[in-house]
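Architecture and fold: a report
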Amino acid sequence: ISDIEKRIIGACLQRDMQVINQIFGIIQPSDFTQPHNGEIYSLILEIVIDGELPSRFEISKRSKESGRDLTKYIGMIDLPLDSYGASLSIRADCEQLKDNSARYRLFKIGSEIVASAQTRNGKTTKELTNYLFDRMLQAMTADQSGGAMLLDDAIKRVDIIQTEYRKADYYGKLKTGFSKLDKILRILPGKLIVVGGYTSHGKSAFALNVCNNMASNNIPILYISIEMDYSDIVYRLAAINGETSLGVFTAGEIVDIHNNLGLQRMNPYADYFHIADLDEANEIQVALICQQHMIRYPHTGLIVIDYLQNVDCERNPKLSRHLQVASIARFFRATAKKLKVPVFLLSQLSRPDRKDGKRRLAGNWDLKESGDIENTADAIVLINKLANDDESNWDAMIHVSKQRMGRKGMVGFHFIGEHVRFEEQLIPGEKIKEYGLG
């Protein structure tokens, strides 16, 4: 580890700004496992920011002025015999250093886990577990960009990612499975899509339909539920894919559920559907589950978190719930960005129907305890239920009310309650106006 750190510092001391800029675009001082090397690198950054080229003399001078004389360590740095130039070798060294740094952090956390489990460090078991979750998450989801980078490096990274996605036909498969909605809603890696609806308006059912459609296209998905347990999800998937109604499953009338037609139809793609049911969870625990899943299934097409208001806030427990929910939403958006995976974040709506009995178009401001969820989300999808005489089967307008990377619009649906199934359909204009949606 020490040798490669010295090589990178030595490359900076060659005073070639093309090489220095390339290194600065990848490496941060915290990436050095030897503290004195990190301090030397920090001084090099400081010198370059001041508009000068780094030298042993200037680094030594500044280290003495700061009260930490690094002259001995600076003398141990050898300049490379051959100029790095803009060759691939410097990039390879930088990437190796980043990998070494990540491994070293994991080693330190592992040692800390063992020590903490033995001593507790004055923390309760829950406090200790959450603290260690947080430490592990920070290590495993650390942003590898290294801060600011050259535009050329950014373009190269984007090209690498897009090449990988194209090989797997990733973009082509990131679809809801509803043709009209897919013409409006764009599901893109790293984006947070908030799916909102009033109670019993089909948020979970809609998300399960999308997950089922995506998994059937051989795209891995992860459904994290902090509301339904795994049996509820299995029953709904069986009803979505078969002829047996949901009520038959929930009443326990199916003797051999494994051979149920709906679940048998899922056999070809069952390995792509992953479920995590949690009685309670905070945002750190949810993010860690996402990270663990992405390590095993890097081309995951969608993660669903069901739902926002059920997530506890571990990082800011003293904030008002209003601000906590906003903080959790921002945390999940950052998680989606780091993991480069689309996330559906389900959210309740808070405002009731109109006093005249007509349902109105749900707005972004209706997101319960919203804080600034509407500003955080990359896209917002609102489910508007249109009342029918038969409350188990009803029409709906699904409204893409915000989208940074696409357009807005509404699509008509019919919901078949006994099969938990959404189907696209044309909603007559007069009906839309009747319920205040036009």
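Residues numbered from 1 in each chain as written. Predicted model: local features only at pLDDT ≥ 70, side-chain atom pairs only at ≥ 80, totals over all residues. Heavy atoms only, no water.

**So, the overall build of the protein**
When its secondary structure is counted, the protein shows 18 helices and eleven strands. Of all intrachain contacts in the protein linking residues separated by at least 6 positions in sequence, the fraction that spans at least 24 positions is 67%. As presented, the protein carries roughly 21100 Å² of accessible surface, and 51% of it is formed by carbon and sulfur atoms. (Helix = DSSP H or I, 4+ residues; strand = E, 2+ residues; numbered from the N terminus. Contact = heavy atoms within 4.5 Å. Areas by Shrake-Rupley, 256 points an atom, 1.4 Å probe, with all protein chains shown as cover.)

**Comments concerning the packing of aromatic side chains**
A full pass over the atoms with the stated rule returns eleven aromatic pairs. With a centroid separation of 6.0 Å and an interplanar angle of 90°, the aromatic rings of F206 and F422 are classed as edge-to-face. Highlighted residues: F206 in helix 11 (residues 203-215) and F422 in strand 11 (residues 421-424), separated in sequence by 216 residues. As far as the burial class goes, F206 and F422 line up, both buried. Ring pairing ties together the aromatic residues F178, F206, W394, F413, F415 and F422, which thus form one cluster. (Phe/Tyr/Trp six-rings, centres within 6.5 Å; stacked < 30°, edge-to-face > 60°. Buried < 20%, exposed > 50% of the residue type's maximum accessible area, 1.4 Å probe, protein only.)

**Details of the pairing of strand 9 (residues 393-403)**
Counting buried residues in strand 9 gives eleven out of eleven residues, a clear majority hidden from the surface. Where strand 8 (residues 379-386) and strand 9 come together, eight bridges link them in antiparallel fashion. For N384, the partnering residue across the bridge sits in strand 9 and is M397. From the end of strand 9 to the start of strand 10 (residues 409-416), which pair antiparallel, there are five residues. (Pairing = 2+ DSSP bridges.)

**Considering a negative patch on the surface**
Negative charge collects at one region of the surface, where D229, D279, E280 and D312 lie side by side. Within the fold, D229 resides in the loop between strand 2 (221-225) and helix 12 (230-241). Given the relative accessible area of 32%, D229 is considered partly exposed. (Patch = residues over 30% accessible without salt bridge, like charges linked within 9 Å, V, L, I, M, F, W, Y side chains within 5 Å. Salt bridge = Lys/Arg side-chain N within 4 Å of Asp/Glu carboxyl O. Lys, Arg positive; Asp, Glu negative; His and termini not counted. Charge placed at Lys NZ, Arg CZ, Asp CG, Glu CD.)

**Some details on unusual backbone geometry**
With an omega dihedral of 5°, the bond running from D306 to Y307 counts as a cis peptide bond. The phi dihedral of R15 is positive, around 65°, even though this residue is not glycine. Looking at the element boundaries, R15 is found in the loop between helix 1 (2-12) and helix 2 (17-24). One non-glycine residue, N218, lies in positive phi territory at about 65°.

**Quick word on the packing of helix 1 against helix 3 (residues 35-49)**
The interhelical angle for the contact between helix 1 and helix 3, taken along N-to-C directions, is 15°, at an axis separation of 11 Å. As summarised for this structure, helix 1 and helix 3 are arranged roughly parallel, according to the angle between their axes. Crossing of helix 1 against helix 3: the hand is left-handed. Judged by residue contacts, S2, E5, I9 and C12 of helix 1 engage N37, I40, Y41 and I44 from helix 3. When the residues that make up the contact of helix 1 with helix 3 are grouped by side-chain class, the tally is five nonpolar, two polar and one charged. (Axes fitted to C-alpha atoms, helices over the stretch in contact; angles between N-to-C directions. Parallel < 35°, antiparallel > 145°, perpendicular 65-115°, else oblique. Left-handed = near helix turned anticlockwise from the far one by under 90°. Nonpolar A, V, L, I, M, F, W, Y, C, P; charged D, E, K, R; others polar.)

**Side note on helix 15 (residues 283-296)**
A rise of 1.5 Å per residue sets the reference length of helix 15, with its 14 residues, at 20 Å; its end C-alpha atoms lie 20 Å apart and thus fit the reference within 8%. When we look at burial in helix 15, the residues that qualify are E283, I284, V286, A287, L288, C290, Q291, H293 and M294. A side-chain oxygen of the first residue of helix 15 lies 3.0 Å from the backbone nitrogen of I284; this N-cap is N282. (Expected span 1.5 Å × (residues − 1). Polar contact = N/O pair within 3.5 Å; in protein donor to acceptor, adjacent residues only side chain to side chain.)

**Considerations on the pattern of salt bridges**
Within the structure shown, the criterion is met by twelve salt bridges. Between D31 and K98 there is a salt bridge, with the nearest N and O atoms lying 2.9 Å from each other. Residue D31 is found in the loop between helix 2 and helix 3, and its partner K98 is found in helix 6 (residues 88-119); the two are separated by 67 residues along the sequence. The exposure class assigned to D31 is buried, which follows from its relative accessible area of 3%. K98 gets classed as buried once you look at its relative accessible area, which sits at 8%. A salt bridge links E39 to R68; the shortest N-O distance between them is 3.0 Å. Of this pair, E39 sits in helix 3 while R68 sits in the loop between helix 4 (56-65) and helix 5 (71-74), and the two are 29 residues apart along the sequence.

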